[in-house]
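# Observations on chain architecture
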Amino acid sequence: MFYRIFSSVYLQNVAFLGDNNLARALALQIKECPQIGYKQVGWLNTNLNIAMQLKKAHVKVLIISKDITNDKRLIDQLYGLIPLKISFLDLSEAYEIILQKVPIDFLNQAWFLKNLS
């Protein structure tokens, strides 16, 4: 009963766009640790209307865990989500913000240059 009340009021719903091992590991951490403030509600199907999926699940955070740079149709759909006031995070940002740690897979020269300050 407490978890239902707590989750309905305090947890931010999170959805994933793209599936890989690191995304699954993050999703598992979110599921197992509700005290971090997030609730994993699923994986988006890019063949369906993304906005409708996000609205239906009341998603507040969208974690993009795949390369979208060459998918113009998907990028256009994501720009259309801006009025929904959803937070967009790439997978590395999500790890840092949600779990406050960085997987070794993300550490490279560009990461160190970005985080020098």
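Residues numbered from 1 in each chain as written. Predicted model: local features only at pLDDT ≥ 70, side-chain atom pairs only at ≥ 80, totals over all residues. Heavy atoms only, no water.

### Let's talk about the overall build of the protein chain
Along the protein chain, the regular secondary structure elements total six helices and four strands. Ordering the α and β elements of the protein chain from the N terminus gives α-β-α-β-α-β-α-β-α-α. Across the 117 residues in the protein chain, those meeting the buried criterion constitute 37%. Restricting to contacts in the protein chain with at least 6 residues of sequence separation, those with at least 24 account for 70%. Summed over all atoms, the accessible surface of the protein chain reaches about 7900 Å², with 56% contributed by carbon and sulfur. (Helix = DSSP H or I, 4+ residues; strand = E, 2+ residues; numbered from the N terminus. Buried < 20%, exposed > 50% of the residue type's maximum accessible area, 1.4 Å probe, protein only. Contact = heavy atoms within 4.5 Å. Areas by Shrake-Rupley, 256 points an atom, 1.4 Å probe, with all protein chains shown as cover.)

### Thoughts on the sheet that holds strand S2 (residues 38-43)
Taken together, the four strands give an open sheet; going across it, the order is S2-S1-S3-S4, and neighbouring strands pair in parallel fashion. In the strand order of this sheet, the two ends are held by S2 and strand S4 (87-90), each with one partner. Ignoring strand direction, the axes of neighbouring strands in this sheet form an average angle of 30°. For strand S3 (residues 59-64) and S4, the ladder comprises four bridges, and the chain directions are parallel. Looking at S4, one finds that Ile-63 is bridged to Leu-89. Sitting on the sheet, helix H5 (residues 91-99) is in contact with S2, S3 and S4, with an inclination near 105° to S4. (Pairing = 2+ DSSP bridges. Axes fitted to C-alpha atoms, helices over the stretch in contact; angles between N-to-C directions.)

### What about the pattern of salt bridges?
Here the structure, examined in full by the defined rule, presents two salt bridges. For the salt bridge of Asp-19 with Arg-24, the shortest nitrogen-to-oxygen distance reads 2.9 Å. The class for Asp-19 is exposed, based on a relative accessible area of 51%. The class of Arg-24 is partly exposed, set by a relative accessible area of 41%. (Salt bridge = Lys/Arg side-chain N within 4 Å of Asp/Glu carboxyl O.)

### Quick word on the packing of helix H2 (residues 21-32) against H5
It is at 11 Å that the axes of H2 and H5 come closest, and there the two elements cross at 20°. One way to sum up the angle between H2 and H5 is to call them roughly parallel. As for how H2 packs across H5, the hand of that crossing is left-handed. In this structure, H2 uses Leu-22, Ala-23, Ala-25, Leu-26, Gln-29 and Ile-30 to contact H5, whose residues at the interface are Leu-91, Ala-94, Tyr-95, Ile-98 and Leu-99. Per-class residue counts for the contact of H2 with H5 are ten nonpolar, one polar and no charged. (Parallel < 35°, antiparallel > 145°, perpendicular 65-115°, else oblique. Left-handed = near helix turned anticlockwise from the far one by under 90°. Nonpolar A, V, L, I, M, F, W, Y, C, P; charged D, E, K, R; others polar.)

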